[in-house]
Amino acid sequence: MEPQPIITVKNLSARFGDNVVFENVSFEVYKGEVLVIVGGSGCGKSTLLRIMIGLLKPFAGQVLYQGMDVTAAEESELNNYRQNIGVLFQSGALFSSMTLGENIALPLAEYTDLEEDAIRRIIKMKLGMVNLAGYENHYPAELSGGMKKRAGIARAMALDPRVLFLDELSAGLDPITAVELDDLIVKTNEALGTTMVIVTHELESIYKIAHRVLMLDKTAKGMIAEGTPLELKKQATDPRVQSFFLRQLPPATEKQEFYDN
Amino acid sequence: MQEPNLLVGLTGVFNLKNLTAFTGGIRREIAGGTFQSITIDFSGVTYLDSASALAFVQIEQDCALRGISCHLTNLNDEAKGIFSVIHAEALTRAPFKEENAYEGFVRRVGQASVSLARDFVSFVTFIGDLLVALFYTLRHPGTLRGKDVLFYVQRAGVDGLPIVGLIGLLMGLIMAFMSFLQFRQFGANIYVPALVSFAMIKELGPLMTAILVAGRSGSAFAAEIGTMVVNEEVDALTTMGFDPIRFLAVPKVLATIIVVPILTVYADLFGVLGGMIIGVTSLDLTVKTYITQSIRTIQVFDVVTSLIKAAVFAALIAAIGCQRGFQVRAGAQDVGKFTTSAVVAAIFLIVVADSIFAIMLYYVKRL
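Rules behind the numbers
- Per-chain numbering applies: the sequence of each chain, read as written, is numbered from 1 onward.
- Here chains are named by letter from A upward and ligands by number from 1 upward, in the order in which they appear as written.
- Thresholds applied to this predicted model are a pLDDT of at least 70 for local features of residues and 80 or more for the giving and counting of side-chain atom pairs; totals over whole chains, interfaces and linings are not thresholded and use all residues.
- The side-chain quantities take in all heavy atoms of the structure and omit both hydrogens and water.
- A run of DSSP states H or I qualifies as a helix once it reaches four residues; a run of E qualifies as a strand once it reaches two. Both are numbered from the N-terminal end.
- What the globule rule says is 2.2 Å times the number of residues to the power 0.38, and the radius of gyration is computed from C-alpha atoms.
- Between buried and exposed lies partly exposed: a residue is buried under 20% and exposed over 50% of the maximum accessible area for its type, with that area taken using a 1.4 Å probe on protein chains only.
- A contact between two residues is defined here by any heavy atoms of the two lying within 4.5 Å.
- Put simply, buried area is how much 1.4 Å-probe accessible surface two parts lose in total, over both of them, once they are put together.
- The rule for a salt bridge is simple: a side-chain nitrogen of Lys or Arg has to be within 4 Å of a carboxyl oxygen of Asp or Glu.
- Whenever two N or O atoms come within 3.5 Å, that pair is a polar contact, provided that in protein one can donate a hydrogen and the other can accept it, and provided that, for residues adjacent in sequence, both atoms are side-chain atoms.
- Each residue gets one label: Ala, Val, Leu, Ile, Met, Phe, Trp, Tyr, Cys and Pro are nonpolar, Asp, Glu, Lys and Arg are charged, and the others, such as Gly, are polar.
- Under the convention used here, Asp and Glu are negative, Lys and Arg are positive, and both His and the chain ends fall outside the count.
- A 1.4 Å probe that fits but cannot get out identifies a cavity on a 1 Å grid over protein atoms alone, an open set with protein on both sides within 12 Å along at least five of seven lines counts as a pocket, and a residue lines either if it has an atom within 4 Å of a point.
- Grid points are joined across faces, edges and corners, and a volume is the space filled by probe spheres set on the points.
- Being paired, for any two strands, means DSSP has found at least two bridges between them.
- What pLDDT expresses is the predictor's confidence in each residue, scored from 0 to 100.
- An expected span of 1.5 Å times one less than the residue number is assigned to each helix.
- A fitted line through C-alpha atoms serves as each axis, taken over the contacting stretch for helices, and the angle formed by two N-to-C directions is quoted from 0 to 180°.
- Any Phe, Tyr or Trp ring, taking Trp's six-membered ring, that has another such ring centre within 6.5 Å forms a pair; planes under 30 degrees apart are called stacked, those over 60 apart edge-to-face, and the others tilted.
- By the criterion adopted, a ring carries a charge over it if an Arg CZ or a Lys NZ lies within 6 Å of its centre and within 35 degrees of its normal.
- A patch consists of residues whose relative accessible area exceeds 30% and which take part in no salt bridge; residues with like charges are grouped when within 9 Å of each other, and nonpolar side chains (Val, Leu, Ile, Met, Phe, Trp, Tyr) when within 5 Å.
- Methods summary: accessible areas were calculated by the Shrake-Rupley approach with a probe of 1.4 Å, and residue burial reflects only the protein chains presented.

> Give me the lowdown on the overall build of chain B, citing residues and values where you can.
In terms of regular secondary structure, chain B is built from 13 helices and three strands. The globule rule puts the C-alpha radius of gyration for 367 residues at 21 Å, and the 35 Å found for chain B is more than 25% above it. Projecting the C-alpha coordinates of chain B onto the three principal axes gives extents of approximately 110 × 60 × 40 Å. A burial count over chain B gives 44% of its 367 residues as buried.

> Help me get a handle on the interface of chain A and chain B, residues and values and all.
By a widely used convention, the size of an interface equals the accessible area lost when the partners come together. Residue-level contacts link 31 residues of chain A with 32 residues of chain B. Together chain A and chain B conceal approximately 2,600 Å² of surface at their shared face, both sides included; 59% is due to carbon and sulfur atoms. On inspection of chain A and its partner chain B, the count reaches one salt bridge. The residue E142 of chain A makes a salt bridge to K97 of chain B at a minimum N-O spacing of 3.0 Å. Joining chain A to chain B, the criterion identifies 12 residue pairs in polar contact (both at pLDDT 80 or more). Broken down by secondary-structure element, the contributors of at least two residues to the side of chain A that touches chain B are α3 (100–111), α4 (116–129) and α6 (175–192) of chain A. Tallying contributions element by element places α4 of chain A first for the side of chain A that touches chain B, with seven residues. Residue classes in the side of chain A that touches chain B are distributed as 14 nonpolar, eight polar and nine charged.

> Residues and numbers for the side chain of D49 of chain B, please.
Secondary-structure assignment places D49 of chain B in the loop between β2 (35–48) and α2 (50–66). Of the side chains with opposite charge, K126 of chain A lies nearest to the buried D49 of chain B, which makes no salt bridge, at 6.8 Å. Reaching out from D49 of chain B, the side chain makes a polar contact with the side chain of S52 of chain B at a distance of 2.4 Å.

> Can you explain empty space enclosed by the protein? Please cite residues and give values.
Residue and element names in this part refer to chain B. Evaluated as defined, the whole model comprises one cavity of 30 Å³ or more. Taken as a whole, the largest cavity holds about 80 Å³ of empty space. Lining the largest cavity, in full, are F42, V45, T46, Y47, L48, N76, E78, A79 and I82. Where the lining of the largest cavity is concerned, the elements lending two or more residues are β2 and α3 (77–84). Of all the elements, β2 adds the most residues to the lining of the largest cavity, at five residues.

> For the pairing of strand β9 (residues 212–217) of chain A, give the residues involved together with the corresponding values.
Residue and element names in this part refer to chain A. By the criterion of burial, β9 is predominantly enclosed, with six of the six residues buried. Side chains of β9 alternate between two faces, with R212, L214 and L216 and V213, M215 and D217 buried alike. The sheet contact formed by strand β3 (residues 34–38) and β9 spans four bridges and is parallel. Note that in β9 the partner of V38 across the bridge is M215. What sits between β9 and strand β10 (residues 222–227) in their antiparallel hairpin is a turn of four residues, with K221 showing a positive phi close to 50°.

> I'd love a proper account of the confidence of the model for chain B, names of residues and values included.
Averaged over all residues, the pLDDT of chain B equals 89, while 99% of them reach at least 70. Note on the complex model: pTM 0.70, ipTM 0.71.

> So, α6 of chain A: which residues are in play, and what are the values?
Residue and element names in this part refer to chain A. For α6, spanning 18 residues, the distance from its first C-alpha to its last is 25 Å, which sits close to the expected 26 Å at 1.5 Å a residue. Burial in α6 covers these residues: T177, A178, L181, D182, L184, I185, T188, N189, A191 and L192. The N-cap residue of α6 is D174: its side-chain oxygen and the backbone nitrogen of I176 are 3.0 Å apart. G193 sits one or two positions beyond α6 and adopts a positive phi of about 70°.

> Any chance you could break down the layout of surface pockets for me, citing the residues and the numbers?
One number sums up the size of the largest pocket: a volume of about 860 Å³. As for the largest pocket, its lining consists of 28 residues, and the residues nearest its centre are A141 and K148 of chain A together with V230, A330 and G331 of chain B. For the lining of the largest pocket, the elements supplying multiple residues, two or more each, are α5 (145–156) of chain A together with α8 (192–230) and α13 (331–366) of chain B. Element by element, the count of residues in the lining of the largest pocket is highest for α13 of chain B, at five residues. Forming the walls of the second largest pocket are 25 residues, and the residues nearest its centre are K31, L192 and G193 of chain A together with Y47 and E78 of chain B. Only α6 of chain A together with β2 and α3 of chain B provide two or more residues apiece to the lining of the second largest pocket.

> Can you tell me about the sheet that holds strand β6 (residues 85–88) of chain A, naming the residues and giving the values?
Residue and element names in this part refer to chain A. Across the sheet, six strands lie side by side as β6-β7-β8-β3-β9-β10; this open sheet has mixed pairing. The open sheet has two free edges, formed respectively by β6 and β10, since each of these has just one partner strand. Along the sheet, successive strands turn relative to each other by an average axial angle of 15°, direction set aside. Inspection of the sheet shows strand β7 (residues 163–166) paired to strand β8 (residues 195–199) by four bridges, in the parallel sense. Bridge pairing links L166 to I198 in β8.

> Break down the packing of aromatic side chains for me, citing the residues and quoting the values.
Under the counting rule described, the total for this entry stands at 14 aromatic pairs over all chains. Between the aromatic rings of F22 of chain B and F56 of chain B, the centroid separation amounts to 5.4 Å while the plane-to-plane angle is 15°, which identifies the pairing as stacked. Here F22 of chain B, found in helix α1 (residues 19–32), pairs with F56 of chain B, found in helix α2; they are 34 residues apart in sequence, far enough to count as distant. What makes F22 of chain B buried here is its relative accessible area of 13%. In textbook terms, an aromatic cluster arises when at least three aromatic residues are bridged by ring pairs, as seen for F14, F22, F42, F56 and F83 of chain B. Note that R15 of chain A overlies the ring of F59 of chain A, its terminal NZ or CZ placed 3.9 Å from the centroid. Across from the ring centre of F180 of chain B, 5.3 Å away, lies the NZ or CZ of R184 of chain B, which sits over that ring.

> Outline a nonpolar patch on the surface, supporting the account with residue identities and numerical values.
Residue and element names in this part refer to chain B. Together, F301, F348, V352, I356, M360, V364 and L367 give the surface a local cluster of nonpolar side chains, amounting to about 700 Å² of exposed area. Element by element, the count of residues in the nonpolar patch is highest for α13, at five residues. Relative to the helices and strands, M360 resides in helix α13. Taking relative accessible area as the criterion, M360 reaches 42% and is therefore assigned partly exposed.

> Which residues make up the sheet that holds strand β1 (residues 5–16) of chain A, and what values go with them?
All names here are of chain A. Spatially, the four strands line up as an open sheet ordered β2-β1-β4-β5, and their pairing is antiparallel. At either margin of the open sheet sits one strand with a lone partner, and together these are β2 (19–30) and β5 (68–69). In this sheet, β2 lies alongside β1 in antiparallel orientation, the contact comprising eight bridges. By the bridge assignment, F16 is partnered in β2 with N19.

In C-alpha cells:
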C-alpha cells in the first residue's frame, strides 16, 4: 500500500527576531509511521514541533493536516485539529493540582458527552495501556520521572488522537525506563496504528522505534538528512550525520573549537 | 417466543463522539430482548477507537452476566490490535490510593490547629535563621550580594513610587475634604492642615505604604522564591554551599528595610500635598499658612518613630514573603497558595505591630 501523508510540511522557515532557526524545511509524515526528528541542541527541533502543533507561527511556509493549513488556521479550526493530535511535553506538563485520573478525564469531559462511569472505565483502560493501572488517584508529584512520562502519554492519548507528538521522549530517564518507554511506543503504534512524531537524542531508542528519521542541523539551518535509521548510519555521506550516528565528535573544525573553549 | 440469536451489523466510524449513542442502542436491545446469544459483526467498520473497543468489551461482560453468549466477529487486524491494548486486569484493579474523602468537622478543626501551630513554629524558626544570617552579613559585609540589594531597592522602591504617591495624595485629599465638612460647622477650618499632617505622619503614611508594599513586593518575594523551590534552584544553591536564606532572603529584607521608610516619607509628603489642594481651593488658606499649620503639631519624635515603625513593617513584610516562598513544596498551586498567604499574613502582622507601637509610644512619650 502506498504510504499516505497525514501531515505535509512545506517550505517551513522559523525565526526569532533576526535569528534564523531553520529555513525551507519540507517533509511529509505518513499515516501510521513513527517519525523521529533528531539534531544537536539549538537546531530547532522543538521549534519545529511547536509549529506543527499550532503553538507557534512560522516565519514562512505551511503545515497541512488533511488539507488544512495549521499555520494559518482560525482558532476554531485549530481547536478541531488539536482534538486530533496528542502532545507529550518535555517535562510531562501534567497538571500538578489534579490526580492522574482527573488529568486524563479533562479532555474527555470537555470534548465528549460520556457519562462519568464510562469516563472512569476509559481512564482505567488508558492507565492500563501505559502500565499505570491503579494509579488514578495519585498526584503527579507522587510519581517518578518515567511514570510521569507514561502518564503524560496516557493523557495525550485520551481522545485517541490520529497523530501523537512527543517532545524529548527519553531525556532524563534511566536506561531501563527509557527502554520500557520505547516498548510502549512500539506497542502502541502497532496496536492502535497511531502516527507518531518524536523528538529524541537517544540513539538506541531511535534504532528501536523509528521508521524514519529526519535530521536538522544548526549550522545548515535546515534539514540535512532523511531516511531509515540504518540507511542514515550506513549510507550517509554528510560528516555531521555520520558523527551523530557513530557517536563521534565531528571532524576538525568543531573539535578545535571545543578545545579552544 | 424466544429468539435464539441477535445479529448486530456495524458499519461506519465508531469513536468517542458517537459512543454513548451506539452503546445505548445495543444495551437497550440486550435489556429488552430475550436472546440466547448475540453476534456483533465488525465487517463494515471503517474506524474504531480504543474507547469504543472498550465499550464492546463492556457489552461482552454485561452479556456474560445475563448468561447470553456474545461473539465479536469479522474483526480486521486493526481492530484486533486495538482490542489487544485493553487489559482486563487493569480495568478491574482497585486504585492504590483512596480518593480524598470528606473529613469530619472535628478532624478538620484539629488539623487546622496543628497546621497553625506548625506555621507559627516555622515562622519563628525562620525569623531566627534570618537574624543569624543578617548578623553574619553585618560581620562579613563582603558576603552581601550588593547588586541584588540594589535590584530589589529598585523593584520594591523606585518602581513603587507612582502608586504610593498617588494613593498618598488621594488619602490626603479625602481626609482634608471630610474633616473640612465637619470642621466648618464650628469655623475650625484652620485645624484641617494639622489633622491631615498629624494623621498621615503618625499612622496612615506608614500603614498604607506597608500595605501597598506587602501587596506589591511581599507577594513577589514569595512567588519568586516559591518558583525557585519548585525548579530545584534552591536545592542547587544549597548543594553549591550557599545558605539560601543568606543568598535569597537577606538582600530582599535589607532592600525592603531601606526602601519602606523612604516610601513612607514620600507618601506623607503627597498626603500633605493632597490636603493642601483642598486647603487652597476650598478653605481659603494660602500655601504658606497651610504649610506652617501642618508643621505646627508635628514633633521630631513623631517623625522618627514613624520611620522606625515603617522599618519594622518592612522587615515583617519581607520576612514573611521569603518564609512563605520557602514553604512551597511542589507545583503551581502551592506557589499561588503561599503567595496569597504571604500578603494576608503580612497585612495581619502589620496591623498587630501597629497596635503594639501605638500602646508602646503612648507610654514612652509620657516618660
